[in-house]
Amino acid sequence: MALKISNTLSGRKEDFVPIEPGLVTMYVCGVTVYASSHIGHAMSALTFDIIRRYLEYRGYAVRHVVNFTDIDDKIIKRANEEKVEWKSITERYIKEYLDWMDALNVKRATVYPRATGEVDGIIAAIQTLIEKGNAYAAPNGDVYFRALSQPDYGALKHQSPDELNAGARIDIDEAKENPLDFALWKAAKPGEPNWTSPWGEGRPGWHIECSVMAMRYLGPQIDVHGGGTDLIFPHHENEIAQSENLTGERPFVRYWAHNGLLQAKLVDPETGKSSVEKMSKSLGNTLSVGRLLEMGDPDMLRMFVLGSHYRNPLTYTDESFEVAFRSLERIKSVFAPHENWGDPTSNEGKPEATAALEQAAASAKAGFEAAMDDDFNTPAAIARLFDLVREINKGRDTGASGASLNAARETLAELGGVLGLRMKELPPTGGSQDVEPFIKLLVDLRKELKTAKQYQLADRVREGLKGLGVKLEDRPDGTTWKYEK
Ligand SMILES: [Zn+2]
């Protein structure tokens, strides 16, 4: 069965056929680096990480570009507040973002271009657009794109220019010929970072950076362009208009993939009423990725994201995280030690239980692929993994061979890995459970030493454990132990 992917532009699920066989070019809009990323940003990164991993599982090489918007009003404002250079703000949050994405097991993109590293290319692109009549320099030093020079402007949002004009909150700006026109270049205000251009000192507008970077690193036409649904208009609409007029090639993007936004409960401090809103720094209903990472197994957020189709909005609550955490525990429990896993090389076992398990593993894999081929339907794919977890536990309890148990667990690890779950890494347990078997072993050993009248060695065990904060207590019914600070 062919892989199908929803395309925001056509509004349909389409067969996935990349421009160049075997290679997928994918551009995903990244973050503006002026503050710590929240889990809504991480959700977008996780979504496209999962898509990328599945494309790779299907045999494609993926060239994946994610940009950093490292010049912007918010960055300048933050730098002024902290009385530091804008670069120290952007360096700080780029490093933090990459560290956090590593912790979340998000694969690094092939390239992470930054807007300020692409200014020459951006200026050249703006010049070309002016020459072609798609853009104009305004007297105030800004350069604007003439939105209606794109014949089907509004196609991505499925609205006509009149509808866009009526619906969107567009600033009426006297420098613009038409309210839908958007800035390619912004004249610098006094004291702002700026670059020299044919239109005076200034800096690039936001939309043009993505067109220039996507085309520079991936070519005039790309396979997949991703981002949150909030970027459809105007950002991605504008990217299409800029890119197609620059190159004359259509479509700029074969498949527009948009992830639903993360929402969170917001309580009005005055009325006490709660509502569900898009997670955003300006609303103050965010959870930073750093805080999330302190909450335990970092795969929990991925599990939460996998539980819903990527195009749907997702609402974060404490309960929803609890559910994700339990699911993760259940699925990873298959990789915890258990005396009945048996010898992984042994074919000895009950033939019926063995055959049933082998059959279940094959059908889970086929079901998983069918679900993922259907526009990356992760909730259905995860359901197949839970079926397999159940069958593995059943096989273990009904005497399936060690080899079949091992193979089924490897299948589960492989498929979970395709989704980016670190199946064989158990969640942190605070340390105590990890060392308990070893303490118990030493307690048993000490008992044997005493039976053998090796009292000196037995005392060494007791003193050694005491030094490590473990106190033994001998009672009539045996020895117990506890941690002691
Ligand atoms: Zn973008």
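Small disclaimer: the values here were computed from a predicted structure and weren't measured.

The next point concerns the overall build of the chain. The secondary structure content of the chain amounts to 15 helices and 15 strands. When the backbone C-alpha atoms are referred to their principal axes, the chain occupies close to 100 × 55 × 45 Å. Across the 485 residues in the chain, those meeting the buried criterion constitute 49%. Summed over all atoms, the accessible surface of the chain reaches about 23,400 Å², with 51% contributed by carbon and sulfur.

Attention now goes to the coordination of the zinc ion. Surrounding the zinc ion are the protein donor atoms Cys29 (SG), Cys210 (SG) and His235 (NE2), which sit 2.0 to 2.2 Å from the metal. Considered as a linear motif, the donors of the zinc ion on their single chain read C-x180-C-x24-H. Here the residue Cys210 occupies a position in helix H6 (residues 206-218), and His235 occupies one in helix H7 (residues 232-247), the gap between them amounting to 25 residues. Of the two residues examined, Cys210 and His235, each falls in the buried class.

Assigned domains within the chain: domain 1 (17-262), domain 2 (334-418) and domain 3 (433-483). For domain 1 and domain 3, the distance between their C-alpha centroids amounts to 63 Å.

Turning our eyes to something else, we now look at the sheet that holds strand S4 (residues 61-66). Pairing is parallel across the open sheet formed by 4 strands, whose spatial order is S4-S3-S9-S10. Lying at the two open borders of the sheet, with one neighbouring strand each, are S4 and strand S10 (253-259). On average, adjacent strands in this sheet sit at an angle of 20° to one another, irrespective of strand direction. Bridge analysis of strand S3 (residues 23-28) against S4 gives 6 bridges, and the strand direction is parallel. Paired with Val24 across the bridge in S4 is Val62.

This structure, assessed with the given rule, holds 2 cavities of 30 Å³ or more. The wall of the largest cavity is formed by Thr47, Ile50, Ile51, Val305, Ser308, Tyr310, Phe376 and Thr378. The element that contributes the greatest number of residues to the lining of the largest cavity is helix H1 (residues 39-57), accounting for 3 residues. Along the lines of polarity and charge, the residues of the lining of the largest cavity split into 5 nonpolar, 3 polar and no charged. Around the second largest cavity, the lining residues are Met43, Thr47, Val305, Ser308, His309, Tyr310, Asn312 and Leu314. Each residue belonging to the lining of the second largest cavity can be placed in one class, and the counts come to 4 nonpolar, 4 polar and no charged.

Between its terminal C-alpha atoms helix H10 (residues 318-332) stretches 21 Å, which fits the 21 Å expected from 15 residues at 1.5 Å a residue. Every buried residue belonging to H10 is among Ser320, Phe321, Ala324, Ser327, Leu328, Ile331 and Lys332, and all of these are buried. All buried residues of H10 lie within an arc of 120° about the axis, which places them on one face of the element. Exposed residues on H10 whose side chains face more than 90 degrees from its buried face are Asp318, Glu319 and Val323. On its buried side, H10 packs onto H1, helix H8 (289-294), helix H9 (299-306), strand S13 (314-316), helix H12 (378-398) and helix H13 (402-418).

On the basis of which strands lie adjacent, the open sheet formed by 4 strands has the order S5-S6-S7-S8 and antiparallel pairing. Lying at the two open borders of the sheet, with one neighbouring strand each, are strand S5 (135-137) and strand S8 (202-204). Strand-to-strand twist in this sheet, taken as the mean axis angle between neighbours without regard to direction, amounts to 20°. Two elements, strand S6 (residues 143-145) and strand S7 (residues 182-187), share 3 bridges in a ladder whose sense is antiparallel. Directly across from Phe145, in S7, lies its bridge partner Phe182.

Let's shift gears to the pattern of salt bridges. Throughout the structure, instances matching the rule amount to 38 salt bridges. Between Asp49 and Arg53 there is a salt bridge whose closest N-O contact spans 2.8 Å. One end of the pair, Asp49, and the other, Arg53, are both in helix H1, 4 residues apart, so they sit about a helical turn from each other. Of the residues examined, Asp49 reaches a relative accessible area of 1% and is grouped as buried. The class for Arg53 is buried, based on a relative accessible area of 13%.

On to unusual backbone geometry. The omega angle of the peptide bond from Phe233 to Pro234 is 0°, so this bond is cis rather than trans. Within the element layout of this structure, Pro234 appears in helix H7. Omega for the peptide link from Arg250 to Pro251 comes to -5°, which places this bond in the cis form. When you line up the elements, Pro251 lands in the loop between H7 and S10. Despite not being glycine, Phe376 has its phi angle at roughly 55°, a positive value. Relative to the helices and strands, Phe376 is located in the loop between helix H11 (351-373) and H12. Residue class for Phe376 comes out buried when judged on its relative accessible area of 2%.

Right, let's get into the packing of H10 against H12. For the pair H10 and H12, interaxial distance at closest approach is 9 Å and the crossing angle is 45°. Taken together, the axis directions place H10 and H12 in an arrangement best described as oblique. The two elements H10 and H12 meet at a crossing, and its hand is left-handed. Of the residues in H12, those in contact with Ser327, Arg330 and Ile331 of H10 are Leu385, Phe386 and Val389.

Right, let's get into the packing of aromatic side chains. Under the definition given, this model contains 16 aromatic pairs. On the numbers, 5.5 Å between centres and 20° between planes, the contact of Phe68 with Tyr112 is stacked. Of the two residues, Phe68 is situated in the loop between S4 and helix H2 (73-82) and Tyr112 in the loop between helix H3 (86-103) and helix H4 (119-131); the sequence distance between them amounts to 44 residues. Aromatic pair Tyr153 and Phe233: ring centres 6.3 Å apart, planes at 65°, arrangement edge-to-face. With Tyr153 in the loop between S6 and helix H5 (161-167) and Phe233 in helix H7, the pair connects residues that are 80 residues apart, well separated along the chain. By way of ring pairs, the aromatic residues Tyr54, Tyr57, Tyr310, Phe368 and Phe376 are connected into one cluster. Over the ring of Trp341 we find Arg396, and its NZ or CZ is 5.0 Å from the ring centre. Above the face of the Trp341 ring, Arg409 is positioned so that its terminal group lies 3.8 Å from the ring centre.

The rules we used
Residues numbered from 1 in each chain as written. Predicted model: local features only at pLDDT ≥ 70, side-chain atom pairs only at ≥ 80, totals over all residues. Heavy atoms only, no water. Helix = DSSP H or I, 4+ residues; strand = E, 2+ residues; numbered from the N terminus. Buried < 20%, exposed > 50% of the residue type's maximum accessible area, 1.4 Å probe, protein only. Areas by Shrake-Rupley, 256 points an atom, 1.4 Å probe, with all protein chains shown as cover. Donors = N, O, S within 2.8 Å, 3.2 Å for Na, K, Ca; no water. Domains from an automatic or database assignment. Pairing = 2+ DSSP bridges. Axes fitted to C-alpha atoms, helices over the stretch in contact; angles between N-to-C directions. 1 Å grid on protein atoms, 1.4 Å probe; cavity = no way out; pocket = protein on both sides within 12 Å on 5 of 7 lines; lining within 4 Å. Points joined across faces, edges and corners; volume = space filled by probe spheres on them. Nonpolar A, V, L, I, M, F, W, Y, C, P; charged D, E, K, R; others polar. Expected span 1.5 Å × (residues − 1). Arc of directions from axis to C-beta. Contact = heavy atoms within 4.5 Å. Salt bridge = Lys/Arg side-chain N within 4 Å of Asp/Glu carboxyl O. Parallel < 35°, antiparallel > 145°, perpendicular 65-115°, else oblique. Left-handed = near helix turned anticlockwise from the far one by under 90°. Phe/Tyr/Trp six-rings, centres within 6.5 Å; stacked < 30°, edge-to-face > 60°. Lys NZ or Arg CZ within 6 Å of the ring centre and 35° of its normal.

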